[in-house]
Structure formats: structure tokens, C-alpha cells
Amino acid sequence: MHNPASRVPSDSWWRGAAIYQLYVRSFADGNGDGIGDLAGAIARLPYLAALGVDAIWFNPWYPSPMSDAGYDIADYRSVDPVFGSLADADTLIAEAHALGIRIIIDVVPNHCSSAHPWFASALLAGAGSAERDRFWFRPGRGPGGDQPPNNWQSIFGGPAWTRTTAPDGTPGEWYLHLFAPEQPDFNWACPAVRLEFEDVLRFWFERGVDGVRIDSAALLSKDPALPDVDPGAAPGPAHPYTDRDDVHSIYRSWRAIADEKPGRVLIGEVWLPDTARLARYVNPGELHTVFNFPYLSCPWSAVELRQVIDQALALADAPATWVLSNHDVDRIVTRYGRTDTAFSLDRRQYFHGFPVDLALGTRRARAAALLTMALPGSVYIYQGEELGLWEVQDIPDDLRQDPIWHRTGGADPGRDGSRVPLPWSGTEPPFGFSLFGAAAEPWLRQPKEWRDLTVAASSANDGSMLRLYRDALRIRGSEPALLDTPMTWQPSQDGVLAFDRGLSFPHGTAVRCVANLSPAPVALPPNAEILLASGPLAGAQLPPDTTAWLCVEGRGAILA
Ligand code: NOJ
Ligand code: CA
């Protein structure tokens, strides 16, 4: 079996890693309650080893009231009983390591759960207390203090402030939550908050975790004056809560902790439009990489993708990352099957209004997978992407769980459609989601059409998305031309992206990736061997919405 561990230098494994994003609630259910868990993930590790990934990033598994699917953490040093126990996490880490797979966990430092003991004690301790200083409590404005302290809006809709009520029922101070009211924001100017998270990092690193994905990494620092924000204010030093300069000292101390043992990685979730500001997060001594959200938002357009690729490669101090989708955005086959193939978080409602051509979306998603996996840097695969799952857009309203849906009064459909449990086997829902038989239905219903996309059906089908991902990951992980080598754009016609990876002439093999995003077929170089293609070729022609990897001995030959 392909063993990723054998080819990666252990200290810098993350530079070119293929990282599988495992959304634990929807991956595999080990105990039949209809909710994915660590036992299910452990049982399915051989599937991920056979897929050929180097690491798994787990979405939060901590104890949580699940007001935001676990991004509302009540205890940073434990595992929610619905997912298992700390002992299960230890087993998972050990068994993954034995298969050559690293484990990355999600750490959420911007906010906790309103059920976190610190927040409960802050409510009890009252105004002006040290307990409240760990959060942002303020009196309201206006007569009786019944207006929020400022005009900040929650990213999930509605005001970013909620008023507290004293035990005797009188209204009290307000507290800040950039997300749901159940997610109070920490005050990172408070030394106790810094110390607490440094300890949390050590706790998990000592358990053998290899990396940390940092949630909402640009939001931690707030202007202590809490001024109103101008609606169009750009992130940066003058913004009251996004991408302020102070945030970098936090990551410098986190990097020192990660570096106590070589090979640990810090990955930032930083949504910023300005590449120069983004680059600061991967300055020497800070984070190792940041997610490439411009790539994930980019339409299926050669001109725009090339621009985004060049910008990512210009983040000189860090390898680029390539992300097509995650648990917060529409699934890729759906997005590429629309006439507008871009994505943005704040326009989800608009995108959901488009009809979807799933066959077209799937063809493009296959082409995008090969384009993505040929680029230099690390690549993320959101669970189900490798099966070609689509966004489930018709979830009945009463089954929707996402706070975005609830807090926008249903205006924004939210993210449930990308979080539907995986289909593993069989011809009917729940498709083997619960490993040993289910007492309960999966927490969200799977479409019955997914019978053709189960892991079992896909494994038996040469033309499946799964077979393409397995082949691509195997080649990407074993072909020397694709291992930590630079890329060079090649001349190509409009609508086509062509680049070479590999050693310079006369050393070894070069791999050329040609992605045809134009509406017409394009000729492939006559002397090239086809390593892999995302769809059938028409003789020596690459059809529209298709990508091919070509191999030629020696760079001189491929350029000829
Ligand atoms: C980003 C996470 O990916 C998302 O799922 C979550 O709702 C917010 N941060 C808040 O933690
Ligand atoms: Ca379960």
C-alpha cells in the first residue's frame, strides 16, 4: 500500500501534504446514534490510508452544546461524549501515526461556548470583575442601557451583542459575540486568556497531535475602545476587530510552542482580500501556512484562477495551500454546475438561486481536482469531495441546524447542505454511515441518489471521482517531478492553464498539467505520455472542462 510517511521529510511534511478535512459529525458513526464519532473515524482510517492522504484535520471534537456544530467549546481539554473520549483521541492519534497519517486538530481561540466555566463565572461575578475581563462585557448605550454598546454585527446575522440578565431578572451588561450569542468572544488583551491557550496547545501537542488549524485567526484582537465600525471598513490596523496588528504577537508565541518539537504545523484560517496583509501571518516565526480562500472562492475561469495561483505563490515565506471546498461553503460539484461558478460567504443565498447542472459540475470538479493536485504546495480535500458529493440544497427547514439559517430568519440557507453524512455502502440511506447498524437515522438525511456515490460503489467504478482522487494522490505522492518542485507557466491559448513541474533539464522527468477551461478542445503535445486525465480524451485533443497530466523525459523534450 502507498505509505505517505515514507516519502515526506518528517520536519517539513506539511509543505506538500495532502490533508483530508474530516468533519467528524458526518464522517462515520461508530455507535449507531446517527452522529459521526471518533470510533467511526478510527474504523475508517484504512480508507484514508488507501486514499493516500498525509494528514487529517479534524473539525472540533470538544465538549460543546453544539450551538455552532462544536465551534462553541465548553472544555478545550476533552472530547464531547457524543464523539467519544480522550482515550479515543489517543487511540486515533496512535493508529493514524501507525499508518503514516498525521493528525491536525481545530483550535478555536476567538470565542468559547457560553457553557464554558469561565463564561458562567463571569456572569456570576458581575460588572468590573476579573472574571468578566476575560470577555468583552460593557454597559449598553441609550436610556436604561438598552442599546448595544456599538454597531458591530454578528457574522451569523443580527447584533454582535447580547444583554445579560442578573439572577433577580434585572437587565445587566452586554457581551460581545462576533458569531452566535452562544459564542462569547475572548478578550485577548487579558493575560489569563493568552496563558490558557498556550497551555491548551501544549496539552494537545503532548498527546501527539501534529498540528493545529486556528479558527477565525484574524479576529482575535479588538480595539479596546470598541468604537462603531464603518460598514465598508477595510480589515487592517484601523479596523476595530479584523486583522489588527496585535494578533501577530499571539502567533509568535504559539510558533515557539509548536517549535518545541520539529514537524508540528500551525495553519491559520484567515479570510482576507489583501494578499500583502495575508502574507504577514506567515512571516518567519509565525504560522506555517494559511488557507487559500481566494482559490476556494474563485470562479471556473482560466484568467482568474491564474491570477489567484500567482498571488498564492508569491507568499514567499510559506508554501501555498489549495482548497476547493470546506464545511462552510457550497460543495464544489454544485458550485461548478451553476452559471455563476464563484462563491462568497455573504452571497450564498444568491448562489443557491441558480439551477445546477450536476453533470457539468462534476466534470469541472474532476478537472479542478487534477489542476489543484498538480500545483506546488499542500492540498486540502474536504470529506466527500473525493466521492463527488453535491450540496444538498433541499434540506427541509425543520431539519436545518446551522445558526446562520436561524439567525438570518432563513434568508441565508447556511452550511448544512455541505455537512450531510457520508455514504459508505449499500443502496439505500443511511448507506452504511453507522458502522454496526443504526438505532437512529443520520443527523441529516442523505439523498437517495447517493447510492451511486458510496465508497463501495465508487471503489468498483473505474470512472468514479474516488478512483480519480486515489490515482492523483498516488502519482502526486510518488512522482519526483511533483515533490516540492516549483512550477513554470507554459504558453497556452485563451482559457487554458498549462504549467510544468519538475527538475530543470537535463535532470529527470517533468510533469505538465494542462487544464482546458475553454469551450473548445485543445491539442496536447504529440510527444507526451498521458499520466492521468480527468475525463476521456478525444484522440490527441483535450476536451473542454478536462485536465490532463503529461509526462515527458527531460524538460527539454516537454518544451519542444
Ligand atoms: C470558522 C469555522 O470554519 C466555522 O464553521 C465557524 O462557524 C466559525 N469559524 C466560528 O467559529
Ligand atoms: Ca455516534
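Refer to the preceding data block for the structure.
I will try to describe carefully the structure that is included in this document. Since we're looking at a predicted model, the values are computed, not measured.

**Brief notes about the overall build of the protein**
Summing up its helical and strand segments, the protein has 17 helices and 18 strands in all. Taken over the C-alpha trace, the protein has a radius of gyration of 24 Å; the compact-globule value for 560 residues is 24 Å, and the two agree within 12%. If you line up the protein on its principal axes, its C-alpha atoms span 80 × 50 × 45 Å. Of all 560 residues assigned to the protein, the portion counted as buried reaches 59%. Pairs at least 24 apart in sequence give 67% of the contacts found in the protein among residues at least 6 apart. With an accessible surface of roughly 20400 Å², the protein has 55% of that area assigned to carbon and sulfur atoms. Across the protein, 46 positive and 67 negative side-chain charges occur, with their mean positions spaced 3 Å apart.

**Examining the layout of surface pockets**
Size it by volume and the largest pocket reaches roughly 1400 Å³. As for the largest pocket, its lining consists of 47 residues, and the residues nearest its centre are Ile155, Phe179, Trp271, Leu345 and Asp346. Elements represented by at least two residues in the lining of the largest pocket include exactly helix H9 (293-297) and helix H10 (302-313). Split by residue class, the lining of the largest pocket holds 23 nonpolar, 14 polar and 10 charged.

**Some details on the environment of Asn110**
Inspection of the secondary structure puts Asn110 in the loop between strand S3 (102-107) and helix H4 (117-125). Engagement of the side chain of Asn110 in a polar contact is seen with the side chain of Asp185, the distance being 3.0 Å.

**Describing the coordination of the calcium ion (ligand 2)**
Protein coordination at the calcium ion (ligand 2): the donors are Asp29 (OD), Asn31 (OD1), Asp33 (OD), Ile35 (O) and Asp37 (OD), at 2.3 Å from the metal. Look at where the donors of the calcium ion (ligand 2) fall in the sequence and you get D-x1-N-x1-D-x1-I-x1-D. For Asp33, a relative accessible area of 28% translates into the label partly exposed.

**What to know about the site of ligand 1**
In the neighbourhood of ligand 1, 13 residues make up the surrounding shell, with Asp68, Asp215, His327, Asp328 and Arg415 lying closest. In the model, an oxygen atom of ligand 1 is placed 3.0 Å from a nitrogen or oxygen of the His111 side chain. In the model, an oxygen atom of ligand 1 is placed 2.5 Å from a nitrogen or oxygen of the Asp328 side chain. Coverage of ligand 1 by the protein amounts to 96% of the 300 Å² it exposes when considered alone. A majority-of-atoms criterion places ligand 1 in the largest pocket.

**What to know about empty space enclosed by the protein**
Once rolled over the atoms, a probe with the size of a water molecule shows which space is left empty. Taken as a whole and judged by the stated rule, the model has two cavities of 30 Å³ or more. Approximately 110 Å³ is the volume attributed to the largest cavity. Around the largest cavity sit 14 residues that line it, and Leu278, Phe291, Asn292, Ala312 and Leu315 are the ones nearest its centre. Elements with a contribution of two residues or more to the lining of the largest cavity: helix H8 (275-279), strand S9 (289-290) and H10. Broken down by element, the residue count for the lining of the largest cavity peaks at three residues, all from H10. Of the pockets and cavities examined, the second largest cavity occupies roughly 40 Å³. In terms of lining residues, the second largest cavity is bounded by Tyr23, Val24, Arg25, Asn59, Pro60, Ala69 and Phe83. Per-class residue counts for the lining of the second largest cavity are five nonpolar, one polar and one charged.

**Observations regarding the pairing of strand S13 (residues 496-502)**
For S13, the tally of buried residues reaches seven of seven residues, placing the bulk of the element in the interior. Burial along S13 is two-sided: Val496, Ala498, Asp500 and Gly502 facing one way and Leu497, Phe499 and Arg501 facing the other are all buried. Linking two consecutive strands that pair antiparallel, namely strand S12 (residues 487-489) and S13, is a turn of six residues; a positive phi of about 85 degrees is found at Gly495 within it. Sheet analysis places S13 next to strand S14 (residues 509-516), joined by seven bridges and oriented antiparallel. When the sheet's bridge partners are listed, Gly502 is paired in S14 with Ala510.

**A few points about the packing of helix H6 (residues 191-206) against helix H7 (residues 247-258)**
Helix-helix packing: each pair is described by the crossing angle between the helix axes and the interaxial distance. It is the contact of H6 with H7, at a shortest axis distance of 10 Å, that shows an interaxial angle of 30 degrees. What the angle tells us is that H6 and H7 run roughly parallel. Here H6 and H7 pass one another in a crossing that is right-handed. Between H6, through Arg194, Phe197, Glu198, Leu201, Arg202 and Phe205, and H7, the contact on the second element is made entirely by Ser249, Ile250, Ser253, Trp254, Ile257 and Ala258. Considered class by class, the residues forming the contact of H6 with H7 number seven nonpolar, two polar and three charged.

**A short note on the packing of aromatic side chains**
Within this structure, the stated rule accounts for 37 aromatic pairs. Consider the rings of Tyr295 and Trp322, whose centres lie 5.1 Å apart with planes at 70 degrees: the pair is edge-to-face. Remark: Trp322 occurs in strand S10 (residues 321-323) and Tyr295 occurs in helix H9; sequence separation between them is 27 residues. Residue classification places Tyr295 among the buried positions, given a relative accessible area of 2%. Given a relative accessible area of 0%, Trp322 falls into the buried group.

**Observations concerning the sheet that holds strand S4 (residues 137-138)**
Within the open sheet, the three strands sit side by side as S4-S6-S5. Their pairing is antiparallel. Strands with a single pairing partner mark the edges of an open sheet, and in this sheet they are S4 and strand S5 (161-165).

**Re helix H16 (residues 465-478)**
The end-to-end C-alpha separation of H16 is 20 Å, in line with the 20 Å expected for 14 residues at 1.5 Å each. Taken residue by residue, H16 has Met465, Leu466, Leu468, Tyr469, Ala472, Leu473, Ile475, Arg476 and Gly477 as its buried positions.

**Concerning the packing of helix H13 (residues 358-374) against H16**
For the pair H13 and H16, the least separation of the axes is 10 Å and the interaxial angle reads 10 degrees. What the angle tells us is that H13 and H16 run roughly parallel. Across the interface between the two elements, Thr362, Ala365, Arg366, Ala369, Leu370 and Met373 from H13 touch Met465, Leu468, Tyr469, Ala472, Leu473 and Arg476 from H16. Among the residues making up the contact of H13 with H16, the classes are represented as nine nonpolar, one polar and two charged.

**Observations regarding the sheet that holds strand S7 (residues 211-214)**
Sheet strands pair via backbone hydrogen bonds, and the direction of the pair is either parallel or antiparallel. Strand order in this open sheet of eight strands is S9-S8-S7-S3-S2-S1-S11-S10, and the pairing throughout is parallel. The sheet terminates laterally at S9 and S10, the two strands that pair on one side only. Two strands pair when backbone bridges link them, and strand S2 (residues 55-58) and S3 are joined in this way by four bridges, in the parallel orientation. Looking at S3, one finds that Ile56 is bridged to Ile103. Each of strand S1 (18-22) and strand S11 (378-382) is contacted by H16, which is oriented at about 160 degrees to S11, the strand it contacts most.

Calculation notes
- Residues numbered from 1 in each chain as written.
- Chains lettered and ligands numbered in written order.
- Predicted model: local features only at pLDDT ≥ 70, side-chain atom pairs only at ≥ 80, totals over all residues.
- Heavy atoms only, no water.
- Helix = DSSP H or I, 4+ residues; strand = E, 2+ residues; numbered from the N terminus.
- Rg over C-alpha atoms; globule rule 2.2 N^0.38 Å.
- Buried < 20%, exposed > 50% of the residue type's maximum accessible area, 1.4 Å probe, protein only.
- Contact = heavy atoms within 4.5 Å.
- Areas by Shrake-Rupley, 256 points an atom, 1.4 Å probe, with all protein chains shown as cover.
- Lys, Arg positive; Asp, Glu negative; His and termini not counted.
- Charge placed at Lys NZ, Arg CZ, Asp CG, Glu CD.
- 1 Å grid on protein atoms, 1.4 Å probe; cavity = no way out; pocket = protein on both sides within 12 Å on 5 of 7 lines; lining within 4 Å.
- Points joined across faces, edges and corners; volume = space filled by probe spheres on them.
- Nonpolar A, V, L, I, M, F, W, Y, C, P; charged D, E, K, R; others polar.
- Polar contact = N/O pair within 3.5 Å; in protein donor to acceptor, adjacent residues only side chain to side chain.
- Donors = N, O, S within 2.8 Å, 3.2 Å for Na, K, Ca; no water.
- Near = heavy atom within 4 Å.
- Sits in = over half its atoms within 2 Å of the grid points.
- Pairing = 2+ DSSP bridges.
- Axes fitted to C-alpha atoms, helices over the stretch in contact; angles between N-to-C directions.
- Parallel < 35°, antiparallel > 145°, perpendicular 65-115°, else oblique.
- Left-handed = near helix turned anticlockwise from the far one by under 90°.
- Phe/Tyr/Trp six-rings, centres within 6.5 Å; stacked < 30°, edge-to-face > 60°.
- Expected span 1.5 Å × (residues − 1).

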